[in-house]
Amino acid sequence: MVRRNGYPLESHEVQTPDGYLLTVHRISHGKMGRIPGKSRKRVAFLQHGFLSSSADWIGLGPQRALAYLLADRGFDVWMGNARGNKFSRCHVTKNPKESSFWDFSWHEIGVFDVPAMIDYVLRETGQKQLHYVGHSQGTTVLFVMLSLRPEYNRVLLTAHALSPVAFMSHAQSPLVRLVGQFGDLITWSSYILGMREFMYDSTMLRLAGSIACTNTVTIREVCANIVFLIAGYNSPQLDRDSLPVMLQHFPAGASMLQLIHYIQLFKCNCFRQFNYGLMGNMMKYKTPEPPEYPLERITARIYLYYGDNDWLAATKDASDRPVWV
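Residues numbered from 1 in each chain as written. Predicted model: local features only at pLDDT ≥ 70, side-chain atom pairs only at ≥ 80, totals over all residues. Heavy atoms only, no water.

### Considerations on the packing of aromatic side chains
Inference 1: Inspection of every chain in the model, using the stated rule, returns 15 aromatic pairs.
Inference 2: For the pair Phe 45 and Tyr 132, a centre-to-centre distance of 5.9 Å together with 40° between the ring planes defines the contact as tilted. Taken together, the positions of Phe 45 in strand 3 (residues 43-47) and Tyr 132 in strand 6 (residues 130-135) put the pair 87 residues apart, joining distant regions of the chain. As far as the burial class goes, Phe 45 and Tyr 132 line up, both buried. (Phe/Tyr/Trp six-rings, centres within 6.5 Å; stacked < 30°, edge-to-face > 60°. Helix = DSSP H or I, 4+ residues; strand = E, 2+ residues; numbered from the N terminus. Buried < 20%, exposed > 50% of the residue type's maximum accessible area, 1.4 Å probe, protein only.)

### Quick word on the packing of helix 2 (residues 106-125) against helix 9 (residues 256-268)
Inference 1: Interaxial distance between helix 2 and helix 9 falls to 8 Å at its minimum, and their mutual angle equals 105°. Between helix 2 and helix 9, the angle falls in the class roughly perpendicular. For the pair helix 2 and helix 9, contact is made by Trp 106, His 107 and Ile 109 and by Gln 258, His 261, Tyr 262 and Leu 265, respectively.
Inference 2: Residue composition of the contact of helix 2 with helix 9, by class: 4 nonpolar, 3 polar and no charged. (Axes fitted to C-alpha atoms, helices over the stretch in contact; angles between N-to-C directions. Parallel < 35°, antiparallel > 145°, perpendicular 65-115°, else oblique. Contact = heavy atoms within 4.5 Å. Nonpolar A, V, L, I, M, F, W, Y, C, P; charged D, E, K, R; others polar.)

### Description of the side chain of Asp 113
Inference 1: With respect to the helices and strands, the residue Asp 113 is situated in helix 2.
Inference 2: Asp 113 gets classed as buried once you look at its relative accessible area, which sits at 0%.
Inference 3: Among the polar contacts made by the side chain of Asp 113, one reaches the side chain of Arg 83 at a distance of 2.6 Å.
Inference 4: For Asp 113, the residues in contact, after removing those within four places along its chain, are Thr 16, Leu 22, Ala 82, Arg 83 and Glu 108. (Polar contact = N/O pair within 3.5 Å; in protein donor to acceptor, adjacent residues only side chain to side chain.)

### Concerning the pairing of strand 4 (residues 76-80)
Inference 1: With 5 of 5 residues buried, strand 4 lies mostly within the body of the structure.
Inference 2: Bridge count for strand 2 (residues 20-27) against strand 4 is 3 bridges, and the pairing is antiparallel. Among the inter-strand pairings, Arg 26 is bridged to a residue of strand 4, identified as Trp 78.
Inference 3: In the sheet, strand 3 pairs with strand 4 via 5 bridges, with the strands oriented parallel. Each residue of the ladder has a partner; that of Val 43, found in strand 4, is Asp 76.
Inference 4: Traced from strand 3 through helix 1 (residues 66-72) to strand 4, the parallel crossover comes out right-handed. (Pairing = 2+ DSSP bridges. Right-handed = clockwise from strand over helix to strand, strands pointing away.)

### Some words on the pattern of salt bridges
Inference 1: Summed over all chains, the structure comprises 7 salt bridges.
Inference 2: Here Arg 83 ties to Asp 113 by a salt bridge, and the two come within 2.6 Å at their closest N and O atoms. With Arg 83 in the loop between strand 4 and strand 5 (90-91) and Asp 113 in helix 2, this pair connects stretches of sequence that are 30 residues apart. Like Arg 83, the residue Asp 113 is buried in the burial classification.
Inference 3: Its salt-bridge partner being Glu 197, residue Arg 89 comes within 2.6 Å of it at the nearest N-O pair. Placement of Arg 89 in the loop between strand 4 and strand 5 and of Glu 197 in strand 8 (residues 197-198) is noted, with a sequence separation of 108 residues between them. (Salt bridge = Lys/Arg side-chain N within 4 Å of Asp/Glu carboxyl O.)

### Overview of the nonpolar core
One recurring pattern in soluble globular proteins is that nonpolar side chains are buried together.
Inference 1: Among the nonpolar cores identified, the biggest contains 59 residues, and Phe 45, Trp 106, Val 114, Ile 118, Tyr 132, Leu 156 and Phe 271 are the most heavily contacted of them.
Inference 2: Those residues in contact with Phe 45, other than ones at most four positions away along the chain, are Trp 78, Gly 80, Val 114, Met 117, Ile 118, Val 121, Leu 130, His 131, Tyr 132 and Val 133.
Inference 3: Listed in part, the 16 residues of the second largest apolar core include Trp 57, Ala 67, Tyr 68 and Val 77. (Core = buried A, V, L, I, M, F, W, Y, C linked by side-chain atoms within 4.5 Å.)

### Remarks on the state of the cysteines
Inference 1: Taken as a whole and judged by the stated rule, the model has 1 disulfide.
Inference 2: Disulfide partner of Cys 268: Cys 270, at an S-S distance of 1.9 Å. Every disulfide takes its handedness from the sign of the S-S torsion; for Cys 268 and Cys 270 that torsion is -100°, giving left-handed.
Inference 3: When its relative accessible area of 24% is taken as the criterion, Cys 268 is described as partly exposed.
Inference 4: Residue class for Cys 270 comes out buried when judged on its relative accessible area of 7%. (Disulfide = S-S within 2.5 Å.)

### With respect to helix 3 (residues 137-148)
Inference 1: Look at helix 3: 16 Å from first C-alpha to last across 12 residues, which is about the 16 Å you get at 1.5 Å a residue.
Inference 2: A large share of helix 3 lies buried, amounting to 11 of its 12 residues.
Inference 3: Residues Gln 137, Gly 138, Thr 139, Thr 140, Val 141, Leu 142, Phe 143, Val 144, Met 145, Leu 146 and Ser 147 constitute the buried set of helix 3.
Inference 4: Looking at the buried positions of helix 3, the neighbouring elements they touch are strand 3, helix 2, strand 6, strand 7 (156-162), helix 9 and strand 10 (302-305). (Expected span 1.5 Å × (residues − 1).)

### Quick word on the environment of Ser 99
Inference 1: Along the chain, the position of Ser 99 falls in the loop between strand 5 and helix 2.
Inference 2: Look at Ser 99 and you get partly exposed, because its relative accessible area is 43%.

### Describing helix 2
Inference 1: With 20 residues, helix 2 should reach 28 Å at 1.5 Å per residue; the first-to-last C-alpha distance of 27 Å fits that figure.
Inference 2: Where helix 2 bends most, at Asp 113, the angle is about 30°, and the proline Pro 115 comes one to four residues later.
Inference 3: Regarding helix 2, its N-cap is Ser 105, as a side-chain oxygen of that residue lies 3.0 Å from the backbone nitrogen of His 107 further along.
Inference 4: Positive backbone phi, approximately 75°, marks Gly 126, located one or two places after helix 2. (Bend = angle between axes of the 7 residues up to and from the residue.)

Shape is all these values report; function is a separate question.
Rendered as structure tokens:
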């Protein structure tokens, strides 16, 4: 899709310290070529949200999608893919069919994946710093990285958190609140039934969704209202014509532990590491409760972007926190 729109596309493979092989996509310059004196100096790294992939940044097409807009303005654009999504389903020793492959939450993505991809991008471009843009889970892993690996605060020229997700207790989505009420059941069921992968990137699922949402105006409105039910209602801001394109790339796959970790945040009104239960926490952390992420260690210049009708990243959770000030 990128090449068809007249832009250059590169795919790079990045290995994490714990052996996952991640795909990073690059649009090195805009459709009109490099802007002299700029294209090699400004690097932008984009990190997708939960159940998503690098395709999110180009789905709306030229003159609309963020990756194209940045490339046309002289940025060297790199788009990361977290472990477990459709572009990053490889490991040096593990297979996605093995449960051990999925033994991670977004904590590991913040501690291992994002730093590894950023290091790779800086080596390839010869730069010492870059601009970071994250959406939803892409902001969660940003906060994890900057609090637990504070040396990366110096690497970011700016960080832009779109729909920032850390604290979640005020999320208004009926679906999120319903899932939150059954968090313990979901957790135990996933372990008992051996469900480690969440929302597998199925060709049939993507095809069915994209076809269904193009058939009639009525069906398309059903698709739109499903989006509104999850993320919040704003009909004028949803391009119905883009729904089939979105559904060709969403869901892109994730670990069940990523979902469970978010459920834990919703229930505890806190931002802390994964809760393995009393015995598990004592073995993992040497404490009965998981440690909080030390957000006070974040010194990077971060811009938060949130809206009143965002049912996932509520304004109260995004703005009413002294740690952000």
